[in-house]
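In case you want the letters, here they are:
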Amino acid sequence: MTHVVDASAVMAVLQQEKGAEVAIPYLHGALFSAVNFSETLAKMSDQGIDVAACKALLDDLGLVVTPFDEQQAILAASLRLRTRYDDVSLADRICLALALQKNLSLLTADTKWSTLGLAIEIRQIR
């Protein structure tokens, strides 16, 4: 069985934050939205890490970068009303949409996601 991982879980691993030890066993083979992939590259670039070097780090994690498609776009849009007061970004909704589309559990550091009442398992890394 595979999982979907959020940028927050991947960032925790890359930055050796609390929860990284929980996330690491789930990463190899996990689905990672291309949108969250871009988000992670951008955040690491903000911290002065070269995009190519960051991509190499992400490649080493064994994530399966998954294209953003029309069905996910519709699912993400449908989550807007439910999440707009919970500080859930577009990239967050896209990650949630991927998990919903594939009916897979989702690994994240975002604790608020467990309160959304979605029909997927949300696994917290911290």
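Scroll up a little and you will see the structure.
Residues numbered from 1 in each chain as written. Predicted model: local features only at pLDDT ≥ 70, side-chain atom pairs only at ≥ 80, totals over all residues. Heavy atoms only, no water.

Looking at unusual backbone geometry
A positive phi angle is found at Gln 16, which is not glycine, with a value near 50 degrees. Among the structural elements, Gln 16 can be located in the loop between α1 (7-14) and α2 (20-27). Residue Gln 16 is classed as exposed on the basis of its relative accessible area of 72%. Although it is not a glycine, Asn 103 adopts a positive phi angle of roughly 55 degrees. Structurally, Asn 103 can be placed in the loop between α7 (90-102) and β4 (106-108). (Helix = DSSP H or I, 4+ residues; strand = E, 2+ residues; numbered from the N terminus. Buried < 20%, exposed > 50% of the residue type's maximum accessible area, 1.4 Å probe, protein only.)

Thoughts on the nonpolar core
Judged by nonpolar contacts, the single largest core of 22 residues is most densely connected at Val 5, Val 10, Leu 27, Leu 58, Leu 61, Leu 63 and Ile 125. With six residues, α1 is the single largest residue contributor to this core. Leaving out residues up to four positions away in the same chain, Val 5 has contacts with Val 10, Leu 27, Ala 30, Leu 31, Phe 32, Leu 63, Cys 95 and Leu 107. (Core = buried A, V, L, I, M, F, W, Y, C linked by side-chain atoms within 4.5 Å. Contact = heavy atoms within 4.5 Å.)

Some remarks on the environment of Thr 2
Mapped onto the elements, Thr 2 comes out in the segment before β1 (4-5). Given the relative accessible area of 27%, Thr 2 is considered partly exposed. Counting along the chain gives 117 residues from Thr 2 to Ala 119, while the straight-line C-alpha distance between them is 17 Å. Not counting residues up to four positions away in its chain, the partners in contact with Thr 2 are Gly 29, Ala 30, Leu 31 and Leu 104.

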